[in-house]
Amino acid sequence: MKNELKLVATAAAGLESVVGREIRNLGIDCQVENGRVLFSGDTKTIIETNLWLRSADRIKIMVGEFPAKTFEDLFQGVFALDWENYIPLGCRFPVAKAKCVKSKLHNEPSVQAISKKAIVKKLQQHFHRPEHVPLVENGPEFKIEIAILKDKARVMIDTTGSSLFKRGYRTDKGGAPIKENMAAAIIELSNWFPDKPFIDPTCGSGTFCIEAAMIGKNIAPGLKRNFDFEAWPWVDSELIQAVRNEALAAIDESVELDISGYDIDGRMIAIAQKNVQEAGLEDVIKLKQMRLQDLKTSKINGVIISNPPYGERLLDDKAVDILYNEMGQTFAPLKTWSKFILTSDEQFETKYGQVADKKRKLYNGTLKVDLYQYYGQRVKRSQ
Ligand code: SAH
């Protein structure tokens, strides 16, 4: 197939730069845009980015982009792309998704149907198949997506399958879980390093603790799951195995981590325990049923990350006000600790009793939230 592919990592709004940093850390040059990061690479790049990126949603192949104001433009544009370099004969290639925004073409089902026809025609011609006989589609699947924005069509193939936030360790999630890739991004945005203590005092299903432990031990987030590209005939299964083996060998078993999760709800701690076990991290993460208000520690220079209940989701407003106020009082003595609190409550700082050093707007699903960041005072450890 092709040696040089144009690739796209999609990301939640607000997290593009984090994804960009992760891609550069893999040694790949990239360009950060709204909602996506562009880069290029080969089959190995597809394997590595799917396996290693913690904050991205999906990795897609960019097959082509062209202006499309009419269905004829769309048909000709899709037909002109080099489908024969991606889709082997016999494979399935549903045009699984079409999204039209601010464009003349807006009937998404028609966009899907016309694009499908154009690809079929192209492959029939390329493989010298008669036009009146439908192509057999019973092999591995290539999911095609068309996005038309301001009359410009982008045609992509998804390499990932179910979104990258699905790591494969979460057995149960409780009422208001944070997505795994969002949790990882927030940890990367914090000033946590594996040598610092880490506490999530409202840990729910344990997502932040598990993601921190995986970062600390350098565990690739995709090791426990599969991806659509793994079934593709032109992706060498030995290469996939080699990249997976390299990732296994890269796990740092010697690092000592101090990661704790607490929750007021014993059922959530039981769920978190199961997820921690599923992730193989039961020796690393300490979990305990405890109220946030009872948090005390003599350790220094740690990081607290919390995604407490917010009005919309779990608690009524009055209870949220009290909780945030008590949170402020409980965290205040922990002067050397940095605190990162994710909530949609715009009055959070008033209720907590301190203005944040920095605020960052993020989206938890479709809900606008802010990450309130309080930096700990720096203290040198005693010699
Ligand atoms: N990030 C978590 C979800 C957190 S939801 C995840 O990914 O699953 C908020 C959690 O705060 C809930 O599990 C709730 O039980 C817990 N909680 C509410 N009040 C609390 C308190 N006073 N002390 C500790 N935990 C509390």
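Nothing here was measured: the structure is a model prediction, and the numbers come from that model.

A. View of the domain arrangement of the protein. Each domain of the protein was delimited in the assignment, giving domain 1 (5-158) and domain 2 (180-219 + 257-374). The distance between the C-alpha centroids of domain 1 and domain 2 comes to 37 Å. Taken together, the 12 residues of domain 1 in the interface contact 15 residues of domain 2. Interface area, domain 1 with domain 2, both sides summed: about 1100 Å², of which 50% is carbon and sulfur. Per-residue buried area on domain 1 facing domain 2 is highest for Leu15, Val18 and Arg54; these three make up 49% of the total on that side. One can count zero salt bridges joining domain 1 with domain 2. Taken together, the links from domain 1 to domain 2 amount to five residue pairs in polar contact (both at pLDDT 80 or more). Element by element, the count of residues in the side of domain 1 that touches domain 2 is highest for helix H1 (residues 16-25), at four residues. Class assignment of the residues belonging to the side of domain 1 that touches domain 2 gives a composition of five nonpolar, three polar and four charged.

B. Geometry of the side chain of serine 306. Considering the arrangement of structural elements, one finds serine 306 in strand E11 (residues 303-306). Those residues in contact with serine 306, other than ones at most four positions away along the chain, are Asp200, Pro201, Thr202, Met327, Phe340, Ile341 and Leu342.

C. Quick look at the pairing of strand E3 (residues 36-41). As defined by bridge partners, strand E1 (residues 5-10) adjoins E3 across six bridges and the pair is classed as antiparallel. When the bridges of E3 are listed, threonine 10 appears paired with arginine 36. Linking strand E2 (residues 31-33) back to E3 in an antiparallel pair, the connection comprises two residues, with glycine 35 at a positive phi of about 75°.

D. Here's a closer look at the nonpolar core. Counting 118 residues, the largest nonpolar core has Leu74, Trp83, Ile87, Ile144, Leu281 and Ile285 as its most contacted members. Here this core spans two domains, and each of domain 1 (5-158) and domain 2 (180-219 + 257-374) adds at least three residues to it. Apart from the residues lying within four places of it in its own chain, the contact partners of leucine 281 are Ile210, Ala213, Met214, Lys217, Ile219 and Val276.

E. Summary view of the packing of aromatic side chains. Under the criterion given, the structure shown has 12 aromatic pairs. Taken together, a centroid distance of 6.2 Å and an interplanar angle of 65° make the contact between phenylalanine 340 and tyrosine 375 edge-to-face. Within this pair, whereas phenylalanine 340 is found in strand E12 (residues 338-343), its partner tyrosine 375 is found in the segment after strand E14 (367-374), the two being separated by 35 residues in sequence. The exposure class assigned to phenylalanine 340 is buried, which follows from its relative accessible area of 0%. The exposure class assigned to tyrosine 375 is partly exposed, which follows from its relative accessible area of 38%. Summarising the aromatic geometry, the rings of phenylalanine 348 and tyrosine 372 are spaced 4.9 Å apart at their centres and angled 40° between planes, so their arrangement reads as tilted. Linking phenylalanine 348 in helix H10 (residues 348-352) with tyrosine 372 in strand E14, this pair joins segments that are 24 residues apart in sequence.

F. Seen up close, the sheet that holds E3. Strands sit in the order E2-E3-E1-E4-E7-E6-E5 across an open sheet of seven strands; the sheet is mixed. Lying at the two open borders of the sheet, with one neighbouring strand each, are E2 and strand E5 (95-101). The sheet shows a mean angle of 30° between the axes of neighbouring strands, taken without regard to direction. Relative to E3, E2 is paired through three bridges, and the arrangement is antiparallel. Across the sheet, residue glutamine 31 finds its bridge partner in E3, namely leucine 38. Its contacts with the sheet put helix H4 (residues 108-126) on E5 and strand E6 (143-149), and the angle it makes with E5 is roughly 130°.

Analysis parameters
Along each chain, residue indices are assigned from 1 in the same order as the chain's sequence is written. Confidence filtering applies because this is a predicted model: local features only for residues at pLDDT of at least 70, side-chain atom pairs given and counted only at 80 or more, and all residues used for totals across whole chains, interfaces and linings. Hydrogens and water are ignored here; the side-chain numbers use all heavy atoms of the structure. Domain limits in this description derive from either an automatic procedure or a database domain assignment. By the convention used here, residues are in contact when the closest approach between their heavy atoms is within 4.5 Å. Buried area is understood as the total, over both parts, of accessible area removed when two parts are fitted together, assessed with a 1.4 Å probe. Whenever Lys or Arg places a side-chain nitrogen within 4 Å of a carboxyl oxygen from Asp or Glu, that contact is recorded as a salt bridge. In protein, a polar contact means a hydrogen-donor-capable atom and an acceptor-capable atom, both N or O and within 3.5 Å, with residues adjacent in sequence counting only if both atoms are side-chain atoms; elsewhere, any N or O pair within 3.5 Å suffices. What counts as a helix is a DSSP run of H or I of at least four residues, what counts as a strand is a run of E of at least two, and both are numbered from the N terminus. Polar here means any residue outside two lists: the nonpolar Ala, Val, Leu, Ile, Met, Phe, Trp, Tyr, Cys and Pro, and the charged Asp, Glu, Lys and Arg; Gly therefore counts as polar. At least two bridges found by DSSP between two strands are what make those strands a pair. Residue types Ala, Val, Leu, Ile, Met, Phe, Trp, Tyr and Cys, when buried and joined through side-chain atoms within 4.5 Å, form a set referred to as a nonpolar core. When a residue's accessible area, from a 1.4 Å probe over protein chains only, is under 20% of the maximum for its type it is buried; when over 50% it is exposed; and in between it is partly exposed. Paired rings are identified among Phe, Tyr and Trp, the last through its six-membered ring, by centres lying within 6.5 Å, and are further divided according to the angle between planes into stacked (under 30 degrees), edge-to-face (over 60) and tilted (the rest). Orientation is described by lines fitted to C-alpha atoms, with helices fitted over the stretch in contact, and by angles between N-to-C directions that extend from 0 to 180 degrees.

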